[in-house]
Structures are given as structure tokens and as C-alpha cells.
Amino acid sequence: MKRLTFYMFLLQGLCLGIAPASAKELGKNLGDNIQQLDTQSQVWVIKDNQLQREPFVWAVKDTNKAGQQPLLQLLTAENKSGSSRRGGEKEELEDFNEVIKNTQKQEGMFTLYRDKEKGKVYLEVKPEQINRNFLATMTLESGIGERGIYSGMPLQDFLFYFQRVNNHLHFVIRNVNFRTRAGDPQARSVARSFSDSVLYALPIKSIHPERKTLLIDLGDLLLKDVPGLSSGLSWMLDGQYSLDEDKSYFGNVKAFEQNIEIESVYGFSGEGKDGMSYVETLPDSRALTLRVRYSLSQLPEKNTYVPRLADERVGYFVTAYQDLSNHRTDPFTRYINRWSLEKEDPKAPLSRPKKPIVFWIENAVPLEYREAIKEGVLMWNKAFEAAGFQDAIEVRQMPDNATWDPADVRYNTIRWINTIDGYFAMGPSRVNPLTGEILDADILVDASFVRGLQKEYSRLVEQNSSPSRSSLTALIRNRNICGNGLQRMGKGPANGLAKLAGEYDLCFRMEAAENLALGSTAMSLLQNTLPSSDDLKQYINQYLRLVIAHEVGHTLGLRHNFRGSTFLKPEEMNNTEITQQKGMTTSVMDYIPPNLAPQGVKQGDYFPNQVGPYDVWAIQYAYSHSGATNPMAEKRFLDDIASQSYRPELSYATDEDISDLDPTADAWDNSDDVLVYSQWQLENARLMWERLNKRYPIPGESYTELNERFNAILGHYLQHTYYTSKYIGGQSFFRNRGGNPQAGLPFQAVPVQKQRQALATLQRYIFSPEAFEFPPQLLNKLAPSRWYHWGSDIQFGRLDYPIHDLVLFLQSGVLRDLLSRDRLTRLKDIELKNPNQENLTIPELFDSLQTGIWTEIIKADGKPVKIQSLRRGLQREYLNLLTDMVLRKEAVPEDARTLAWYKLRQLGEELNKARGSDEYTKAHILETRDRINKTLNASVQGN
């Protein structure tokens with residue numbers, strides 16, 4: 001029915017020629033026959049800390065009072081026959097029984113009728129289901145194995161409802177981002193201020209004459225491109241792809257009591273004037289097929305779940321909305337995402353849950369990994385015991401003859417997928433967007449994580465059976481620093497994956513596979529012993545167990561905690577008495593690399609075997625029973641838990657924090673003193689290079705594999721250089737609150753002694769003449785792959801290893817990072833923020849770098865000098881950088897620009913006294929001196 005406010009009644013009266021007084025009387029008479037209906041003319045309000053719909057528009061109930069019938073005829077949108085009037089024409093609907101003739105009926109939340117011969121699926125909507133909220137989840141059930149288009153990927157979740165408009169059902173996405181509290185007059189403005197999204201207007205095929213149910217063709221909805229795959233494919237595959245409806249059809253269709261599961265099979269065709277890009281995993285890049293699983297389900301009704309308020313000191317994913325009744329500075333209300341867990345015995349300090357969280361291991365998971373996966377899931381029961389729950393999580397095996405699908409929202413599954421470029425794991429969950437209650441979760445693990453190591457495991461078994469072979473390491477997949485040495489190692493999102501699933505955390509990626517493989521290399525190179533096949537198998541299973549525990553943490557609501565690795569002192573990391581009892585990390589929600597012992601220390605555990613104290617504490621915050629019946633009533637209870645965050649083992653730093661210069665928060669670092677641990681790893685890398693040259697390749701092995709191992713170690717080297725650099729001008733950020741003297745201030749600068757130690761480490765391992773001394777024989781072994789076919793990229797042009805370009809690239813990256821505007825500005829600011837302490841100043845940084853980079857000149861003592869080729873490249877880069885500062889081509893603080901001018905002048909004076917002992921050095925000194933003179937005498941225009 002059309003709904004009109006009382007004032008609209010008056011307007012209609014005037015339009016019909018009714019006198020104002022008569023119209024007023026009409027409104028009064030109608031008032032006795034007006035009722036509030038649950039319709040689209042409502043707004044969201046917060047009542048008793050729950051989100052509810054509340055009407056604010058009046059609807060007219062039929063009445064036979066004299067004088068009202070002409071007006072009521074105008075206000076009535078639906079007549080008894082179920083048809084509507086549009087432009088004075090009556091629209092006829094098809095006969096219900098005729099439409100569903102020859103169909104297979106499935107009854108459930110919605111009743112489905114399937115005509116397989118015609119490829120039709122009809123959905124029957126009950127009158128009481130109109131304007132009612134349902135949850136839609138979309139999952140990519142098949143992929144192409146590359147570029148982010150992977151099977152099992154979540155696409156989108158949202159709240160929707162069906163709204164009848166004339167003879168159409170609108171498929172509408174509910175806007176839940178803006179809400180008001182019950183009784184707030186602003187409720188009247190919310191509906192007109194913030195729009196819902198009507199995605200499709202679906203023609204009503206028929207209306208049942210008795211049940212008054214509405215029948216729609218589901219193909220009008222779910223054979224359309226609801227998730228927007230066409231634009232996503234075009235962007236990710238670098239070509240124009242569009243949905244081809246002639247190639248699209250319904251797969252499996254199932255109806256259950258609380259959900260329906262629909263599989264849409266989409267055919268896409270490529271076109272475009274510039275042609276299609278080549279997609280390695282497709283037999284023909286002009287066409288592909290994707291399967292999308294649509295799960296439409298009911299929201300929990302009248303359960304006892306109480307939303308729990310979030311606290312920034314404890315890392316949870318949140319469901320947030322703007323409370324327009326809240327006039328504070330921060331208008332947002334934030335609920336943590338968590339499961340609904342209730343004790344069987346509420347009075348018992350430790351009780352089983354009424355309904356445990358059950359994870360099913362998909363029957364596609366290889367048999368040899370199932371036990372490790374199970375152990376990773378059950379790690380979390382220790383944390384739930386601290387929250388009062390025994391066996392809160394269960395693990396079951398999906399039978400080989402299971403009749404249900406892993407994407408069915410009734411099941412939480414751990415799925416195994418295959419890609420050629422993924423190297424990822426992820427643990428997304430689907431939540432009630434009104435309350436934050438987690439309703440379903442599926443963990444995806446890409447087989448690429450262990451495929452390379454499994455290959456090496458097979459080779460290891462062969463070599464152990466052959467006495468003529470004496471060594472083995474795992475296959476090292478090529479890092480982002482590749483054979484030409486000029487691609488910077490990055491931590492960006494997967495190619496296009498964020499486009500499809502931007503709201504989900506994509507975990508690990510390539511760096512995880514590289515760290516895993518590097519650890520297996522170190523098993524033989526560092527410990528100087530050949531690992532057995534059982535050793536490597538155990539290593540893989542321990543890492544897979546950790547990955548699963550990490551992803552389960554996400555499905556429980558937890559975000560990353562990149563301070564998780566800062567638990568033990570470096571010297572404790574390989575003490576198994578400590579790591580087996582106390583654990584290795586504060587949290588498995590960090591990215592944990594394999595723990596590699598320094599030289600001279602017996603190797604301990606590579607990976608944690610239990611969740612950490614932060615994990616236990618965070619689970620207590622989310623799942624401990626407070627006894628409160630609404631969110632506000634448990635604030636004090638929750639604050640008592642969160643107020644413990646000042647303790648080092650409970651500190652939290654997540655994704656948005658690690659971009660800052662905080663040496664205590666990053667992925668893939670280790671120990672509570674990263675500076676010491678990273679120096680150990682830099683020494684380990686040098687030792688591995690030395691032994692790599694002596695031992696590899698093994699008989700019959702390609703030199704290409706040695707190339708990959710060399711690059712893997714190089715990536716490890718640069719990674720720990722980066723961790724070291726974060727100490728210079730660095731500071732740690734803590735989510736502390738006022739009023740707790742134990743917590744300290746939010747920002748804490750790195751002590752100057754640590755900054756100087758970091759600078760000395762960089763001088764030694766990056767800038768010194770001995771930093772990159774590789775045996776010539778090793779450099780001549782680094783051969784590229786020469787396979788040329790799909791899935792194998794061949795290197796054209798120069799084939800040998802460009803060692804000068806590589807080293808200069810690494811040195812330049814570190815140097816420019818140290819002398820960047822951001823770093824120099826931080827150093828200046830820290831002098832003001834720590835006025836009573838000794839600080840590392842910009843002059844000290846410049847002086848230290850100049851002395852280290854130009855050592856041969858500054859400490860020549862009048863003797864002829866010979867400067868190596870790698871050093872000459874570094875010195876030219878230093879000169880370029882300072883020259884750009886002086887000539888205002890580089891944006892830096894003015895004090896830094898002045899110091900650059902001063903250091904160039906000092907360097908020029910030293911060069912005037914220097915003498916080269918060879919032609920390279922003589923030319924280098926003269927050319928540098930000339931450039932400095934021209935720079936210092938140049939006419940410079942201001943910015």
C-alpha cells in the first residue's frame with residue numbers, strides 16, 4: 001500500500017476540492033482508523049541497545065465511513081486480485097500453477113521451483129517475508145588459479161530485503177550505517193537522508209490466489225552480475241570481459257529451513273579493440289567460466305546474544321555504525337565481531353558451550369596435513385578455558401561422500417585450494433551487520449604454501465636412499481628481489497584480490513612461502529647437518545599448524561597483532577625448556593618467521609606450539625560472560641580486562657601501525673630486541689652464502705635452483721636491514737589511556753644508544769667495503785631459467801647476474817630511506833619531544849654516513865687510495881642525494897639542506913688532499929671534486 005502522512009492527507013483533500021475545514025475533519029475521522037504497519041516507510045532505531053525498525057509514516061486502513069471512500073480509492077495500491085494500477089491500465093499476472101508446471105519443488109526458508117528443462121528457478125516469497133531482513137553471502141566457488149581469481153574467495157556480504165512496488169519486487173540492500181535511538185525525532189529524517197540501494201526490480205510472475213505469495217524468476221536476479229565480476233575481471237586480467245547470459249545457468253540449488261543455497265554458473269566473454277591479455281591458466285583467454293555460490297539466510301531471531309563494545313586496546317574486527325542520537329565528538333558505536341557462546345552451566349567457572357564452534361576439514365585437504373590442521377584449530381581451546389569454556393571449538397572431518405558443499409553457510413570449513421601465484425591463507429567470517437555476531441567462517445589455504453617444499457621432501461627421500469648424494473635444501477621460490485635484482489621487495493596486496501574481497505584480511509602472501517622455504521634451507525646450511533625426511537616433514541607440519549591457528553584467530557574475530565613476536569629475549573629463543581613451556585610469542589596473530597639460531601647456538605623450536613598470553617587475554621575480552629543484558633551494562637567489566645594492556649605481553653599493534661618507524665611492530669621479525677636478532681640473521685645470511693658456494697649445485701641439479709637460493713638469502717638479508725633501519729629516528733606507539741601510571745605515554749622514542757647501534761649495523765652490513773664480498777665463482781653460478789612455455793617466464797637480454805646494479809640498488813634504497821624527509825623531520829621533532837635526553841641528531845647522522853661511505857678519502861692520511869667499484873657507485877649515489885638537497889631538488893627540512901651544503905664542502909676539502917692509486921680512483925676523485933665545486937657555486941632558485 002502507498003503510505004501517506006497526515007499532512008499528505010490534507011494536501012490530497014485540497015486537491016479534491018475539499019475545504020480545509022472538511023479536510024481537517026476528514027483527518028480527524030481517519031485518525032480513528034489509522035494503524036502503524038511494518039513497511040518500508042520505517043527507520044532504524046536503537047531500543048534497549050538492540051537495533052529495531054520503527055515506523056513513522058501512517059497507513060490508511062480500509063473503512064466504510066461515509067465521505068471517505070473517494071480518497072481511500074486513491075490511496076489504495078493493491079486490490080483484491082493482487083494486480084496494481086499503473087497509468088490507469090490493469091496489469092495481468094500469469095496463473096501460478098501454470099508457471100510452476102513441470103517444476104521440482106523444494107521447501108525451505110523460501111520455496112524454490114526448478115524447471116531443469118527450461119533452465120528456470122522460481123522463488124516464492126511469503127507476504128510476511130516482504131520488508132524482512134535477510135543476509136546474503138557470495139562466494140567464488142571456482143576460479144582460474146591466478147591474479148586473485150581463486151576458488152573459495154568471499155565476494156560480498158550484505159543485509160537485504162524484498163520490497164513490493166506495484167507488480168515488482170525490489171531487491172534492496174539495507175543501509176545499516178546510520179541509526180538513531182528509540183524516541184529520537186531524528187528517526188524521521190534518517191530514511192530520507194540516507195538511501196538504501198535498490199539493485200534490481202524483479203517482475204512478479206504470479207501471486208498465489210490463496211497464500212498470496214509472490215513468485216519471481218530467480219534468473220532475473222542471480223543470473224545477473226550481482227557481485228560486479230565483469231568490472232573486476234576486466235581490471236585484474238587487463239582486458240574487457242562481460243557476462244554472457246547465453247553461457248550462464250544455474251548449478252546446484254538447495255533449500256533448507258533457515259537458508260537457501262544457489263549456485264550460479266557465469267560465462268564471461270572477452271572482447272576489446274586492444275585485444276585480450278594472455279592468461280596462463282586459461283586454454284583460451286577469450287572466455288572463462290566462474291561459479292558463484294549465493295547463500296541467502298535468516299538472521300538469528302530473538303536470541304540471547306548481546307553485542308559487545310569494542311576497545312582499541314584489544315584487536316578485534318568491528319561492526320561500526322554512526323549513532324545519530326550521539327552528540328559526542330566520536331559519533332560511532334563499535335561492536336566487536338564474535339561468536340555467540342553460552343555456557344551449558346552458567347554458574348560453573350568452566351563449562352562446555354551449549355553450541356560449540358565446529359570446523360570441518362574439507363575432504364580435499366591432503367591426508368598428510370589433516371592432523372596438523374586439527375592441532376592448529378584446537379590450539380585455541382586453551383584461550384577459551386581462561387574465558388570459562390571447555391572444548392569451545394571442535395574439529396570434524398568432512399566425509400568423502402558428504403552431500404553438502406563447503407560453501408554452505410551452515411558449515412564452517414577449512415578449504416584447500418590451488419593457485420599458481422597465490423601463496424596465501426585467509427580466514428574470513430560472515431557477521432550479522434546489525435550486531436557483529438559471527439554466523440559463519442571458512443578458512444582458505446593455498447597449496448602453494450607447501451607445494452615447493454613437498455617437492456623437496458620427495459627429492460630428500462630419494463637422496464637419503466642414495467649414498468652418493470650428501471646434501472639437500474628446500475626449493476626456494478624466487479623472491480620479489482629477482483634475478484635482475486631491481487624489483488623492490490614489497491608488502492602490497494595481491495594482484496586484484498583486494499578488488500574482489502577488499503573487506504577481508506589476506507594473510508601471508510609470497511613472503512610466507514619465502515620465509516618457510518628459507519627456514520628449510522637454513523636447516524642444512526646453518527646447522528651444517530643434513531636434515532632427514534622426517535625433520536623436513538615435521539617442519540612443514542609445524543608451520544601449517546601455525547598458519548591454521550593464525551587463520552582460526554581471524555575467524556574468532558581477532559585482527560593481526562604485529563607485536564606478537566616480541567615475547568622472548570633473543571638468547572631465550574632457542575631454549576626449548578622456555579619455548580615448550582612458556583611459548584615463543586605473545587600472539588599467533590603476528591606473522592611469525594622460522595626462528596633461526598645464531599652461529600654457535602643449538603637450534604631450538606622453529607615455530608610456536610601454543611597460543612600466547614595476548615591471545616588468551618583477547619579471548620577473555622570477547623567471550624567471558626559478564627552477566628549483562630545490554631552492551632552499556634558491561635562497560636566496567638570490559639574495561640577491567642582492557643586496562644591490563646600496559647603489560648608488555650598484552651601490547652597490540654596491527655596493520656595500520658607497521659607503516660610507521662616502530663621497531664617493535666612489524667611482520668616477520670622476532671624477539672623483544674629485533675636489533676640484536678636481526679644482526680644475527682645478517683651474519684647467518686653471510687654464512688649461508690659462503691656454504692651455498694661450496695655445496696651447490698648438487699650433482700644433476702640445475703644452476704637455476706642455486707640462483708633462487710641465492711636470491712632467497714638476499715631477501716632475508718634486506719629484510720633484516722629494513723628492521724634495523726626502523727630504529728633510527730624510530731619511536732614506539734602504544735594504545736594507552738590516561739589515568740594509569742603504569743601504562744606510560746602513547747609515544748616512546750627509541751633510546752639513542754639503540755639508534756647508534758642500528759646505524760653502526762647498517763654501516764657494516766650495507767655501506768662498508770666488506771658488506772657485499774661474494775666469491776667470483778658463486779656469481780658465475782647464478783644462471784637463469786631457460787624454460788620457455790606457459791607458466792615459465794624466460795629472461796631475455798643480459799643473462800648473467802648484474803651484481804653492480806643489484807648492490808647499488810640495495811645501498812641506494814637504504815641511504816635514501818635514512819635521508820628522507822620523513823626520517824629527518826622525525827629526528828628534529830624528537831629533539832623537542834625529549835629535551836632532557838641525549839638524542840641522535842641530524843648532524844650526527846650526516847657525519848656518520850659521510851665518514852662510513854667516504855672512509856677511503858677521509859682516513860687516507862695523505863697516502864694514495866684505491867676505491868673499489870662497488871664503493872664508487874655508493875659514493876656517487878651519496879653525492880647525488882646531497883647535491884639534490886642543496887639544489888632544492890629534494891624536499892627535506894631546511895636544517896638538513898644546510899647540513900648537506902656543509903658536508904659537501906667538508907668532503908670537497910678532503911678530496912683536494914686525496915690521491916688515487918689507479919685510473920678508476922683518480923678519475924672518480926677529480927670528477928667528484930668538480931661536481932661539488934659546481935654545486936656549491938651554483939645559482940639556486942628558492943622553492
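Read on for a plain summary of the structure. (Residues numbered from 1 in each chain as written. Predicted model: local features only at pLDDT ≥ 70, side-chain atom pairs only at ≥ 80, totals over all residues. Heavy atoms only, no water.)

For the rest of this paragraph, the subject is the pairing of strand β23 (residues 412-417). Of all 6 residues in β23, 6 are buried; the element is thus mostly enclosed. Side chains of β23 alternate between two faces, with Asn412, Ile414 and Trp416 and Thr413, Arg415 and Ile417 buried alike. Judged from the 3 bridges that link them, strand β21 (residues 357-361) and β23 form a sheet pairing that is parallel. The partner of Ile361 across the bridge, within β23, is Ile414. (Buried < 20%, exposed > 50% of the residue type's maximum accessible area, 1.4 Å probe, protein only. Helix = DSSP H or I, 4+ residues; strand = E, 2+ residues; numbered from the N terminus. Pairing = 2+ DSSP bridges.)

Here we take up helix α8 (residues 370-378). Counting along an α-helix, one turn takes 3.6 residues, and residues three or four places apart therefore face a common direction. Residues of α8 that are buried include every one of Arg370, Ala372, Ile373, Gly376 and Val377, and no others. The buried residues of α8 occupy an angular sector of 160 degrees when the element is viewed end-on, so they sit on one face. Where α8 is buried, its residues meet β21, β22 (393-397), β23 and α13 (533-555). (Arc of directions from axis to C-beta. Contact = heavy atoms within 4.5 Å.)

Turning next to the packing of helix α15 (residues 613-623) against helix α16 (residues 635-642). At their nearest, the axes of α15 and α16 sit 10 Å apart, and the two run at 175 degrees to each other. One element, α15, and the other, α16, form an angle in the roughly antiparallel class. Every residue of α16 that contacts α15 at Trp617, Gln620 and Tyr621 is listed here: Leu638, Ile641 and Ala642. When its residues are assigned to classes, the contact of α15 with α16 shows 5 nonpolar, 1 polar and no charged. (Axes fitted to C-alpha atoms, helices over the stretch in contact; angles between N-to-C directions. Parallel < 35°, antiparallel > 145°, perpendicular 65-115°, else oblique. Nonpolar A, V, L, I, M, F, W, Y, C, P; charged D, E, K, R; others polar.)

Once that is clear, we can look at the pattern of salt bridges. Proximity of charged atoms lets side chains of opposite charge pair with each other. In the structure shown here, the tally under the stated rule is 55 salt bridges. Here Asp662 and Arg563 are joined by a salt bridge, their closest N and O atoms 2.8 Å apart. Placement of Asp662 in the loop between α16 and α17 (674-695) and of Arg563 in the loop between α13 and α14 (576-581) is noted, with a sequence separation of 99 residues between them. Using a relative accessible area of 2% as the deciding quantity, one classes Asp662 as buried. (Salt bridge = Lys/Arg side-chain N within 4 Å of Asp/Glu carboxyl O.)

This part is about the sheet that holds strand β14 (residues 197-207). One open sheet accounts for 11 strands, arranged β7-β8-β9-β15-β14-β12-β11-β10-β18-β17-β16; its pairing is antiparallel. Each of the sheet's edge strands pairs with one partner strand only, and the pair in question is β7 (104-106) and β16 (240-255). Each adjacent strand pair in this sheet contributes to an overall mean axis angle of 30 degrees, direction not counted. Strands β11 (153-165), β16, β17 (259-271) and β18 (287-298) of the sheet are contacted by helix α7 (residues 229-237), whose axis makes an angle of about 125 degrees with β16.

Looking now at helix α26 (residues 894-913). Compared with an ideal rise of 1.5 Å per residue, which puts 20 residues at 28 Å, α26 spans 30 Å between its outermost C-alpha atoms and is within 8% of the ideal. Taken together, the buried positions of α26 are occupied by Ala896, Arg897, Leu899, Ala900, Lys903, Leu904, Leu907, Gly908 and Leu911. Looking at the buried side of α26, the elements it contacts are α22 (821-833), α23 (842-853), α24 (855-858), α25 (869-886) and α27 (919-936). (Expected span 1.5 Å × (residues − 1).)

For strand β10 (residues 134-140), the tally of buried residues reaches 7 of 7 residues, placing the bulk of the element in the interior. Across the two faces of β10 the burial is the same, with Phe134, Ala136, Met138 and Leu140 and Leu135, Thr137 and Thr139 all buried. The pairing of β10 with β11 spans 7 bridges and is classified as antiparallel. Bridge assignment links Met138 to a residue of β11, and that residue is Gln156.

It is worth spelling out the side chain of Glu124 at this point. Within the fold, Glu124 resides in strand β9 (residues 120-125). Separated by 2.7 Å, the side chains of Glu124 and Tyr113 make a polar contact. Only 2.5 Å separates the side chain of Glu124 from the side chain of Thr213, close enough to count as a polar contact. The contact partners of Glu124, leaving out residues within four places of it in the chain, are Phe96, Phe110, Thr111, Tyr113, Gln129, Arg211, Thr213, Leu214 and Leu215. (Polar contact = N/O pair within 3.5 Å; in protein donor to acceptor, adjacent residues only side chain to side chain.)

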